[in-house]
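Architecture at a glance
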Amino acid sequence: NLFVLTSEYESFSIVIAEAFLYKTPVLTTRVGIAAEKELSDKVILLSSNPTPDEIAKRIYETIEGKYDLKELTEKAYRFLLKNLTYEKVVSQIIQLYRTVSRK
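Residues numbered from 1 in each chain as written. Predicted model: local features only at pLDDT ≥ 70, side-chain atom pairs only at ≥ 80, totals over all residues. Heavy atoms only, no water.

Along the protein chain, the regular secondary structure elements total five helices and two strands. For the protein chain, the sequential pattern of α-helices and β-strands runs β-α-β-α-α-α-α. Burial statistics for the protein chain: of 103 residues in total, 30% are counted as buried. Counting only carbon and sulfur atoms, one obtains 55% of the accessible surface of the protein chain, whose full area is about 7100 Å². Counting 15 positive and 14 negative side-chain charges, the protein chain places the centres of these two groups 9 Å from one another. (Helix = DSSP H or I, 4+ residues; strand = E, 2+ residues; numbered from the N terminus. Buried < 20%, exposed > 50% of the residue type's maximum accessible area, 1.4 Å probe, protein only. Areas by Shrake-Rupley, 256 points an atom, 1.4 Å probe, with all protein chains shown as cover. Lys, Arg positive; Asp, Glu negative; His and termini not counted. Charge placed at Lys NZ, Arg CZ, Asp CG, Glu CD.)

Turning our eyes to something else, we now look at the packing of helix α1 (residues 14–21) against helix α4 (residues 69–83). Packing of α1 against α4 brings their axes to within 8 Å, and their N-to-C directions diverge by 115°. Read as a crossing pair, α1 and α4 show a hand that is left-handed. Taken together, the residues of α4 that come into contact with α1 (itself represented by Ala17, Phe20 and Leu21) are Ala76, Tyr77, Phe79 and Leu80. (Axes fitted to C-alpha atoms, helices over the stretch in contact; angles between N-to-C directions. Left-handed = near helix turned anticlockwise from the far one by under 90°. Contact = heavy atoms within 4.5 Å.)

Turning our attention to the environment of Thr6. Relative to the assigned elements, Thr6 resides in the loop between β1 (3–5) and α1. Placed 66 residues apart in sequence, Thr6 and Leu72 show a C-alpha to C-alpha distance of 19 Å. Beyond its immediate sequence surroundings of up to four residues, Thr6 is in contact with Thr29 and Ile55.

Moving on, we come to the pattern of salt bridges. Here the structure, examined in full by the defined rule, presents five salt bridges. When the shortest N-O distance is used, the salt bridge between Glu61 and Lys57 registers 3.9 Å. One end of the pair, Glu61, and the other, Lys57, are both in helix α3 (residues 52–63), four residues apart, so they sit about a helical turn from each other. On the accessibility criterion, Glu61 (11% relative accessible area) is buried. As a salt-bridge pair, Glu71 and Lys75 come within 3.1 Å of each other at their nearest N and O atoms. (Salt bridge = Lys/Arg side-chain N within 4 Å of Asp/Glu carboxyl O.)

Right, dumping it as structure tokens:
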């Protein structure tokens, strides 16, 4: 019902993208993909480096129905389809390699 990732070190957490794919709400700390402004403001419940008490509070708020999880997960799913498809990611990596190889 809720995916929680409390990592301090992630460059790209594929498990967040997988949660988006299965329309599972995500509560996470501000690392890797979760640090992106567009993502953290719209599709992730928590995007800071909280204390255990703050994490527990967010989990409780989620259970109690404070958030519109249907809307949240639909936005996350659309973000995934718009930004994280194989074709888009590979083209970005190729462009990055081209840019770096020119220097």
